[in-house]
Structure formats: C-alpha cells, structure tokens
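# Working through the structure, step by step
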Amino acid sequence: MATGVYTAYKKDGTEYYRVSLTCQNKHISLGSFDDYKTAAAVYSEANAIVRDEKSSHFVNAAEKITSYSSCTSALAFEKFMILLNLRDNNIYIKTPVYLCDKYFLYFFSPEIVLTFDIEDLFYYSGHKIMSRGGYFFVNDFGMQTSILARFGIRSHSVKGKDYLFRNGDEHDFRYSNVAVVNRYNGVEQIEKNGRILYRTRIHINGNYTIGTYTSENEAAIAYNRAIDLLAEQLPDFKNYTRNYIEGLSHIEYASIYNTVKISRRFRRYIEQLGLTY
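Report follows, based on the coordinates.

Rules behind the numbers
Residues numbered from 1 in each chain as written. Predicted model: local features only at pLDDT ≥ 70, side-chain atom pairs only at ≥ 80, totals over all residues. Heavy atoms only, no water. Helix = DSSP H or I, 4+ residues; strand = E, 2+ residues; numbered from the N terminus. Expected span 1.5 Å × (residues − 1). Buried < 20%, exposed > 50% of the residue type's maximum accessible area, 1.4 Å probe, protein only. Polar contact = N/O pair within 3.5 Å; in protein donor to acceptor, adjacent residues only side chain to side chain. Phe/Tyr/Trp six-rings, centres within 6.5 Å; stacked < 30°, edge-to-face > 60°. Lys NZ or Arg CZ within 6 Å of the ring centre and 35° of its normal. Pairing = 2+ DSSP bridges. Axes fitted to C-alpha atoms, helices over the stretch in contact; angles between N-to-C directions. Contact = heavy atoms within 4.5 Å. Parallel < 35°, antiparallel > 145°, perpendicular 65-115°, else oblique. Left-handed = near helix turned anticlockwise from the far one by under 90°. Nonpolar A, V, L, I, M, F, W, Y, C, P; charged D, E, K, R; others polar.

## Quick word on helix α5 (residues 216-231)
Taking 1.5 Å of rise per residue, the 16 residues of α5 would be expected to cover 22 Å, and the 23 Å separating its terminal C-alpha atoms lies within 8% of that figure. The element α5 is extensively covered by neighbouring structure, given that 13 of its 16 residues are classed as buried. The opening residue of α5 is S215, an N-cap whose side-chain oxygen sits 3.2 Å from the backbone nitrogen of N217.

Printed below as a string of structure tokens:
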C-alpha cells in the first residue's frame, strides 16, 4: 500500500481508498476513490506539488493555471490549487485561493478565476463559492447568499444598470472595480438636463412613478412611504422590502418621511383605493 493511501469500507462492505497528505503539520484530505491505482496517482501528484518537484506542465498559479487538465489526471482541481498555494505561500487555506500582493485569486475552475481584495480573505477562506445561472453565491448560515451582497447589491439588481464593473472584468470583485449605481429598492439614478436625479417607482399592475428627487436618501424614503400607504389597504405590500438608509438619525428620517413629495398620479391611485394621503 502506497504512503498516504488507506483502505476503508462502505456500509455495504465495499472496499474503497482514502487519500491524505501531511505537509507543514497540516493533514490534508485529498478524496476517496474506488480503485487503488487512481488513489496512488492522486497521492503521487499531490506529493510532487508540495515537494516542489515541478515538471514542464506545472504552471505557476499566478498565471491562472490554464493547463490544469493536461497536467493532472486524477487530483481534483480544487485540491491542486490548495496545494499550490500552500507550497508557494506557506499557508493552508481550505478553499482554492492563491495569495498575491494586496489581493487574492479564487480559482472557481481552471477557466474561471475570481479576484478579491485581501480584506475578503478571511471570509472566502471559510466560504466555498458556487454558481447558478451565471451568478456566484455562498452558503452563509444555511442561506444561499450572492457574493454581490457584500457590496450592498440587491438580489434583483441588473448588471449595467444598478451596478457595473469599472474595468469590464466581471470576475474582478475588488471594491475599487465594483460600482454600485442604484443602492435602494425602487430607486433609479437618472440624468436630466445635465443633473443627476433619483427617480422612485413602484410596480403595481404596471410601473407608477412616486417622484423624482435630488437626493438618493429622499428617493429611498419616498419608496418606503409609498409601501406604508399601500400596505394599509393591500396586504401583499406588507411583505415588500423597505429601504434602510444608513447614517440618518430617527429624527432626520422622520423629517424627510413626513415632508417628501409624492407624484399626483400616485396620489390619485391611493385615493381610488380609499386611502387617506
């Protein structure tokens, strides 16, 4: 039996092989396999990486490992990257992260590499990134949470409208590269006569404009007030997500809430429901 390969048995008595590697006082599991030959190959490849026995087909991780599929036949790509980072940076991280200067790379696959600021290392060293429909997310406290949520980007936000990537790289999640255009529910930044304004709309059997405002906070609070007015008559609106505005005291919030202007069309709609504005 090769070093690092151990025989184990399933509940039905079927034999299989577990593979692990000890490096820098870290015991690293490399997976379980049904046949001994594959298990031995995995250990051999892993050992070659951490012992710095590089061959021509091992590419440095900083060059984004585009040739992984041709350089290994058995070792999982995630384990491949974990071991490369351990070898080159002398730190074990259980997710496929590679440390660079002031940022790190997260190798989602050999073809997809995500870039993050070093400040996010603690979070992503403990959270595995997954993908569905082109969106990346993690399991956080039992919930699927988009990685865009860390920037304050809402789940229904539209790329190119509500947020954008400054350098055009949709896999570069450094804070300097992600620009949030519209932070609040129902609020859209617009330009009119050379001025930046904020339009608030709500969808009720079509889009109703609540108003256009010079302040983003005022626009967000107008949306909250519209929701509160509708919720008095329409139970479904009680579950609508209201905007939380950071940096405002209760007194400042109440002052804006009680004086914010609502469009004439929306006021008429409220009157038709028999509500008092």
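Still more ground to cover, so stick around.
## As for the packing of aromatic side chains
Working definition: an aromatic ring pair is given by the centre-to-centre distance plus the angle between the planes. Evaluated as defined, the whole model comprises 14 aromatic pairs. Pairing Y17 with Y36 gives two aromatic rings, centres 5.7 Å apart and planes at 70°, and the pair type is edge-to-face. Remark: Y36 occurs in helix α1 (residues 36-50) and Y17 occurs in strand β2 (residues 15-23); sequence separation between them is 19 residues. Overall, Y17 belongs to the buried group, its relative accessible area being 11%. Judged by centre distance (6.0 Å) and plane angle (25°), the ring pair of Y253 and Y257 falls under stacked. Remark: Y257 and Y253 occur in helix α6 (residues 250-259); sequence separation between them is 4 residues, near one turn of the helix. Taken together, the ring pairs connect F104, F108, F116, Y123, Y124, F136, Y163, F165 and F173 into an aromatic cluster. Cation over ring: R265 sits above Y208, and NZ or CZ is 4.2 Å from the ring centre.

## Some remarks on the sheet that holds strand β12 (residues 187-192)
Within the open sheet, the 3 strands sit side by side as β12-β13-β14. Their pairing is antiparallel. If you trace the sheet from one side to the other, it starts and ends with β12 and β14 (207-213), each paired once. The average undirected angle you get between the axes of adjacent strands in this sheet is 35°. With 6 bridges joining them, β12 and strand β13 (residues 195-203) adopt antiparallel strand pairing. By the bridge assignment for β13, I190 is matched with L197. The sheet contacts of α5 involve β12, β13 and β14, and relative to β13 the element is tilted by about 15°.

## Quick word on the packing of α1 against helix α3 (residues 77-89)
Geometrically, a packed helix pair is captured by the angle between its two axes and the distance between the axes. Their axes nearest at 8 Å, the elements α1 and α3 cross at an angle of 25°. In this view, α1 runs roughly parallel relative to α3, as classed from their interaxial angle. In the crossing of α1 with α3, the sense of the turn from one axis to the other is right-handed. Of α3, the residues touching α1 (which contributes A46, I49 and V50) are F80, L83, L84 and R87. Considered class by class, the residues forming the contact of α1 with α3 number 6 nonpolar, no polar and 1 charged.

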